[in-house]
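So you can see what is in the structure, the chains are spelled out below.
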Amino acid sequence: SLTSPNVALSFALGRTFEELLKERNGAKKQKKMRQMQRRMEERGGWRVFKAGTDAETARVLDRFFLLKGERLKSRGLTDVFAENSIRTFFKSLFAEALTDPSPAYELQALEVGGEIAAVAGCTINGKHLTVEFGGICSSDRQLSPGDILYHVLIEHYCQRGFDTFDFGVGDEFYKRRWCDTETWHWDTYVPLTIKGQVAVTTLSTVAAAKKRIKNSPQLLRLV
């Protein structure tokens, strides 16, 4: 067993949104939010909504698959959502959750001028919300759709009495602006054969290298 190279970031809610903002450089966040709201109004208006029908679920996820695919491609990474079976699975997962009186899955989106600009797929465990995946439209550099969506969602879940907002695994600057809790997970390998032992050695070496690179700004820039 060894610590995963990727940290999970979260923060506590359990108070009013106004109180939370005071602890998180709220004046700057509110100023940016007002600027973004004016720009979105100029582009035809905006809204944050939860997919509430099968049709909305399909629309939001199709947009997410497009945005995420473009972003992964731009970074030279494999699109893990590309296969039809995976896309069908997620559409079924979130559509079926709509029939549950206490759904474990919620699909949230930011729409600007009639077009979806940001998406967040969330899981709910009691009063703990985790953002499992997200996608943003980065073509308009004057907007920060991800920041806007999460700002609204954090306020929304504060009002609903949630106690934790969890951004999940991955260390990103936009998460650090809100989060103050790090959770390090463990990767455990159990080799059953000689070939398995070789694989474990390789996997653990790669994981250690990734962790070292991600914890070093100089190495990360180089890579």
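See the structure printed just above.
Asker: So what's going on with the overall build of the protein? Which residues, and what values?
Answerer: Along the backbone of the protein there are eight helices and seven strands. Referenced to the eigenvectors of the C-alpha coordinate spread, the extents of the protein come out at roughly 60 × 40 × 35 Å. Looking at the 223 residues of the protein, the share that counts as buried comes to 37%. A sequence separation of at least 24 residues applies to 69% of the contacts in the protein between residues at least 6 apart. For the protein, the exposed area adds up to about 13200 Å²; of that, 53% sits on carbon and sulfur atoms.

Asker: An account of the pairing of strand β4 (residues 115-125) is needed here, citing residue identities and associated values.
Answerer: Among the 11 residues of β4, nine are classified as buried, and the element is accordingly described as predominantly covered. Bridge count between strand β3 (residues 105-112) and β4: eight bridges; the pairing is antiparallel. Counted as the bridge partner of Val112 is Glu115 from β4. From the end of β3 to the start of β4, which pair antiparallel, there are two residues, and Gly113 there has a positive phi angle of about 60°. In the sheet, β4 pairs with strand β5 (residues 128-136) via eight bridges, with the strands oriented antiparallel. By the bridge assignment, Ala118 is partnered in β5 with Ile136. Between β4 and β5, which pair antiparallel and follow one another directly, the connecting turn spans two residues, one of which, Gly126, has a positive phi of 65°.

Asker: Provide a residue-level description of the sheet that holds β4, including the pertinent values.
Answerer: Two strands in a sheet stick together by hydrogen bonds in their backbones, pointing the same way (parallel) or opposite ways (antiparallel). Taken together, the seven strands give an open sheet; going across it, the order is β2-β3-β4-β5-β6-β1-β7, and neighbouring strands pair in mixed fashion. The two strands at the open ends of the sheet, each matched to only one other strand, are β2 (46-50) and β7 (181-187). Neighbour-to-neighbour, the strand axes of this sheet turn through a mean angle of 25°, independent of strand direction. In the sheet, β5 pairs with strand β6 (residues 164-169) via three bridges, with the strands oriented parallel. By the bridge assignment, His128 is partnered in β6 with Thr164. In this fold helix α2 (residues 26-42) packs onto β2 and β3, with an angle of close to 100° to the strand it touches most, β2. Those strands touched by helix α4 (residues 84-97) are β3, β4 and β5, and its axis lies near 100° from that of β3.

Asker: Report on the pattern of salt bridges, specifying residues and quantitative values.
Answerer: Taken as a whole, this structure holds 13 salt bridges when the rule is applied. Close ionic contact of Glu182 with Arg176 constitutes a salt bridge, the shortest N to O distance being 3.0 Å.

Asker: Could you give an account of unusual backbone geometry, with specific residues and numbers?
Answerer: Across residues other than glycine, the phi torsion is negative in most instances, and most of the peptide bonds are trans. For Asn25, which is not glycine, the phi dihedral falls at a positive 55°. As for its position among the elements, Asn25 is in the loop between α1 (17-23) and α2. By relative accessible area, which is 47% here, Asn25 ends up partly exposed.

Asker: Before we move on, can you summarise the environment of Tyr189 with the specific residues and values?
Answerer: Residue position: Tyr189 is located in the loop between β7 and α7 (194-214). Taking the C-alpha atoms as reference points, Tyr189 and Tyr105, 84 residues apart in sequence, are found 30 Å from one another. Every residue in contact with Tyr189, bar those within four places of it in the chain, is listed here: Leu2, Val200 and Leu203.

Asker: Outline α7, supporting the account with residue identities and numerical values.
Answerer: Along its 21 residues, α7 runs 30 Å from first to last C-alpha, staying within 8% of the 30 Å computed at 1.5 Å per residue. Along α7, the residues that are buried comprise Gly196, Val200 and Ala207. For α7, the buried positions fall inside an angular range of 45° around the axis, keeping them on one side. For α7, exposure combined with an orientation more than 90 degrees from the buried face picks out Ile194, Lys195, Val198, Thr205 and Arg212. Lining the buried residues of α7 we find β1 (2-12).

Asker: Could you give me a rundown of the side chain of Thr123, with the residues and numbers involved?
Answerer: Structurally, the position occupied by Thr123 is in strand β4. Within the structure, Thr123 has its side chain in polar contact with the side chain of Glu132 (distance 2.7 Å). If we ignore the near neighbours within four places in the chain, the residues touching Thr123 are Ala104, Tyr105, His128, Leu129, Thr130 and Glu132.

Asker: Describe α2, naming the residues involved and giving the relevant values.
Answerer: Turn by turn, an α-helix covers 3.6 residues, leaving residues three or four places apart pointing in a common direction. When the terminal C-alpha atoms of α2 are compared, their 24 Å separation across 17 residues agrees well with the 24 Å that a helix rising 1.5 Å per residue should span. What α2 keeps buried is the set Gly26, Lys29, Met33, Met36 and Met40. The arc that holds the buried residues of α2, viewed along the axis, is 90°, so those residues lie on one side. Along α2, the residues that are exposed and aim more than 90 degrees away from the buried face are Ala27, Lys28, Lys31, Arg38 and Glu42. Buried residues along α2 sit in contact with α1, β2, β3 and α5 (145-159). Gly44 sits one or two residues past α2 and shows a positive phi near 110°.

Analysis parameters
Residues numbered from 1 in each chain as written. Predicted model: local features only at pLDDT ≥ 70, side-chain atom pairs only at ≥ 80, totals over all residues. Heavy atoms only, no water. Helix = DSSP H or I, 4+ residues; strand = E, 2+ residues; numbered from the N terminus. Buried < 20%, exposed > 50% of the residue type's maximum accessible area, 1.4 Å probe, protein only. Contact = heavy atoms within 4.5 Å. Areas by Shrake-Rupley, 256 points an atom, 1.4 Å probe, with all protein chains shown as cover. Pairing = 2+ DSSP bridges. Axes fitted to C-alpha atoms, helices over the stretch in contact; angles between N-to-C directions. Salt bridge = Lys/Arg side-chain N within 4 Å of Asp/Glu carboxyl O. Expected span 1.5 Å × (residues − 1). Arc of directions from axis to C-beta. Polar contact = N/O pair within 3.5 Å; in protein donor to acceptor, adjacent residues only side chain to side chain.

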